[in-house]
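Remarks on the overall topology
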Amino acid sequence: VAAPYLLPKLVSAEKSERFYGTLLLAEVSGDDALLPLGQRMLDYETQIAALASSLVHGLLRGQPVPNPLSQNVIKVMSDKKSSEVLVHRAVSATGTIRDGNAVGPLIDMLKTARGAKKQALLHALRQITGQDLGSSARKWSGWWNKAKSRHRAEWLLDALDHRQEATRARAAKELDWLSGKSFGFVAGASKKQRERDRTTIMKCWDEEVRNNFVSRD
């Protein structure tokens with residue numbers, strides 16, 4: 001159970017108490033801290049919100065985001081009554097914790113978003129999916145219709161073949177973290193070498209990794 005003596009600090013009016021309460025809770029409570037920390041991902045102080053999101057991401061260790069946590073963030077993000085700051089916090093949180101459940105709502109919001117809000121939505125989508133489909137909501141919707149029934153790791157495997165080296169590198173890093181393995185994929189290698197390495201990773205996914213992820217989902 002999350003340390004009860006720390007929980008009041010997470011809702012304190014004092015910024016310093018919320019910050020150190022957030023930091024300490026993850027240290028002493030582990031996975032039990034996920035839901036309380038999830039609330040602080042939406043803190044109006046940028047530093048605290050970023051810290052909480054990073055801690056939740058680390059605690060998840062590549063596992064699916066718990067439904068109560070996911071549902072709360074998506075609800076706040078999609079609520080027309082939420083302040084602009086709160087919506088930004090929620091959008092940022094979905095990307096940091098790699099919440100696959102948020103992809104559909106993010107794309108829906110992208111259809112009417114402008115300026116900084118649109119850029120935040122696109123950044124979150126790139127973080128979660130490993131894809132970079134530009135700024136077109138239509139392209140993202142088309143991709144989502146085909147990809148939503150697949151596991152997030154499979155989206156990342158697809159991204160290893162992306163035309164942009166930076167996108168390939170991000171996908172490779174995410175796959176290493178998700179699987180707990182170091183595949184050694186070099187995003188800047190020749191196309192022929194990348195294809196060989198991608199084939200090897202896909203074989204490993206099929207033979208060794210998939211069962212672990214499916215059982216955890």
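Further up the page is the structure itself.
This text gives an overview of the structure that appears in the document. (Residues numbered from 1 in each chain as written. Predicted model: local features only at pLDDT ≥ 70, side-chain atom pairs only at ≥ 80, totals over all residues. Heavy atoms only, no water.)

**Some details on the overall build of the protein chain**
For the protein chain, the helix and strand inventory stands at 12 helices and zero strands. Against the 2.2 N^0.38 benchmark of 17 Å for 217 residues, the protein chain shows a C-alpha radius of gyration of 18 Å, consistent with a compact globule. With the principal axes as the frame, the protein chain shows a C-alpha extent of 55 × 40 × 30 Å. A total of 217 residues make up the protein chain; the buried ones form 46% of that total. Long-range contacts, defined here as pairs at least 24 residues apart, represent 58% of the contacts in the protein chain between residues at least 6 apart. Accessible surface, the protein chain: about 11600 Å² in total, of which carbon and sulfur atoms supply 51%. With 34 positive and 24 negative side-chain charges, the protein chain shows a separation of 7 Å between the mean positions of the two kinds. (Helix = DSSP H or I, 4+ residues; strand = E, 2+ residues; numbered from the N terminus. Rg over C-alpha atoms; globule rule 2.2 N^0.38 Å. Buried < 20%, exposed > 50% of the residue type's maximum accessible area, 1.4 Å probe, protein only. Contact = heavy atoms within 4.5 Å. Areas by Shrake-Rupley, 256 points an atom, 1.4 Å probe, with all protein chains shown as cover. Lys, Arg positive; Asp, Glu negative; His and termini not counted. Charge placed at Lys NZ, Arg CZ, Asp CG, Glu CD.)

**Focus on helix 4 (residues 46–60)**
The first and last C-alpha atoms of helix 4 sit 21 Å apart over 15 residues, in line with the 21 Å expected at 1.5 Å per residue. Listing the buried residues of helix 4 in full gives I48, A49, L51, A52, S53, L55, V56, H57, L59 and L60. The secondary structure elements touched by the buried residues of helix 4 are helix 2 (15–29), helix 3 (34–40), helix 5 (67–78), helix 6 (84–96) and helix 11 (165–179). R61 sits one or two residues past helix 4 and shows a positive phi near 50 degrees. (Expected span 1.5 Å × (residues − 1).)

**Focus: the nonpolar core**
In globular proteins that are soluble, nonpolar side chains generally tend to be buried together. Counting 48 residues, the largest nonpolar core has L37, M41, V56, V91, V103 and L106 as the members making the most contacts within it. Every element with two or more residues in this core is listed here: helix 2, helix 3, helix 4, helix 5, helix 6, helix 7 (103–110), helix 8 (115–129) and helix 9 (137–147). No other element matches helix 4, which puts seven residues into this core. Among the nonpolar cores identified, the runner-up in size contains 13 residues, and A153, A159, L160 and W205 belong to it. (Core = buried A, V, L, I, M, F, W, Y, C linked by side-chain atoms within 4.5 Å.)

**As for helix 8**
Here helix 8 contains 15 residues, and its C-alpha end-to-end distance of 21 Å stays within 8% of the 21 Å for a straight helix at 1.5 Å per residue. Looking only at helix 8, the buried set comprises A120, L121, L122, A124, L125, I128 and T129. G130 lies just past helix 8 and shows a positive phi near 80 degrees.

**Here we look at the packing of helix 7 against helix 9**
Where helix 7 contacts helix 9, the axes come no closer than 9 Å and their chain directions differ by 155 degrees. Of the possible angle classes, the one that applies to helix 7 and helix 9 is roughly antiparallel. Handedness of the crossing formed by helix 7 with helix 9: left-handed. Contact with helix 7, carried on its side by V103, G104, I107 and L110, involves A137, W140, S141, W143 and W144 of helix 9 and no other residues of that element. The class makeup of the residues in the contact of helix 7 with helix 9 is seven nonpolar, two polar and no charged. (Axes fitted to C-alpha atoms, helices over the stretch in contact; angles between N-to-C directions. Parallel < 35°, antiparallel > 145°, perpendicular 65-115°, else oblique. Left-handed = near helix turned anticlockwise from the far one by under 90°. Nonpolar A, V, L, I, M, F, W, Y, C, P; charged D, E, K, R; others polar.)

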